[in-house]
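Observations on chain architecture
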Amino acid sequence: MSLAKYRKKRNFRVSPEPRGSEGGKRKSSLLYVIQKHRASHLHYDFRLEWNGVLLSWAIPKGPSLDPSVKRLAMQVEDHPVDYGGFEGVIPAGEYGGGTVMLWDRGIWSPEVADVDAALSKGDLKFTLHGKKLGGSWALVRTRGYGGSSKSSWLLIKHRDAFASTKDITQQKPRSVLTRRLLAGIARDDGGDVATAASGDPQA
Ligand code: MN
């Protein structure tokens, strides 16, 4: 795990995103975060702390609580653990330029004995303890998507008390940190309000 790719893509003199440090102090709990990101396209960045960084997947449609629905999750570069506290506006023209909301946050625990082995095998089962998402989930690697060299996974909810057919992204669209919608974050932090608002539920 390394933050080299993360840092190479960004100019920290221009973007308010954290530069981050690797390793850091060992904690008994592992951070889980979802950031709703209205960049060139709306997506949800799903992040799990592991080995001192946040393993990261971009989920275009966001998570679904319905076990019959599999959501495409494209693995992206590892992010610093500090990133799990970031909400704000990445300046236009910068990598990932747009509005970022802390959509859910909490901790996660593996349901497998060997997380590294599960990741290389492409089948990670885990429990989320977030404000919006809970219960048992899986990330399963799939064949390449559309000839992309990026790694495609599917995020799938297991059947348990947290499973539901309600659309959590529509029903709980606000920041868990500040209760703002994307438009409010853009307005407060000097972003493009109209573009950000296009990622909020439409009245
Ligand atoms: Mn993103």
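Preceding block: the structure.
To keep things clear, this report deals only with the structure shown in the data block. (Residues numbered from 1 in each chain as written. Predicted model: local features only at pLDDT ≥ 70, side-chain atom pairs only at ≥ 80, totals over all residues. Heavy atoms only, no water.)

Structural notes on the pairing of strand β4 (residues 70-80)
In the sheet, strand β3 (residues 53-59) pairs with β4 via five bridges, with the strands oriented antiparallel. From the neighbouring strand, W57 faces β4, where its bridge partner is Q75. Strand direction decides the pairing type here: β4 and strand β9 (residues 151-157), joined by six bridges, are antiparallel. Its bridge partner lying in β9, L72 is registered against L154. (Pairing = 2+ DSSP bridges. Helix = DSSP H or I, 4+ residues; strand = E, 2+ residues; numbered from the N terminus.)

What to know about the environment of K121
Counting through the fold element by element, K121 comes out in helix α2 (residues 115-121). Taking the C-alpha atoms as reference points, K121 and S68, separated by 53 residues in sequence, lie 22 Å from one another.

Considering the nonpolar core
Within the largest apolar cluster, 43 residues are counted, with the highest numbers of intra-cluster contacts made by F46, L48, W108 and F126. The contact partners of L48, leaving out residues within four places of it in the chain, are L31, Y32, V53, L54, L55, W57, W108, L124, F126, L128 and L139. (Core = buried A, V, L, I, M, F, W, Y, C linked by side-chain atoms within 4.5 Å. Buried < 20%, exposed > 50% of the residue type's maximum accessible area, 1.4 Å probe, protein only. Contact = heavy atoms within 4.5 Å.)

A look at the packing of aromatic side chains
Taken as a whole and judged by the stated rule, the model has ten aromatic pairs. With a centroid separation of 5.8 Å and an interplanar angle of 55°, the aromatic rings of Y32 and F46 are classed as tilted. With Y32 in strand β1 (residues 30-38) and F46 in strand β2 (residues 42-50), this pair connects stretches of sequence that are 14 residues apart. For the pair Y32 and F46, a shared accessibility class is recorded, and that class is buried. One aromatic cluster is present, formed by Y32, F46, W50, W57, W108, F126 and W153 through successive ring pairs. (Phe/Tyr/Trp six-rings, centres within 6.5 Å; stacked < 30°, edge-to-face > 60°.)

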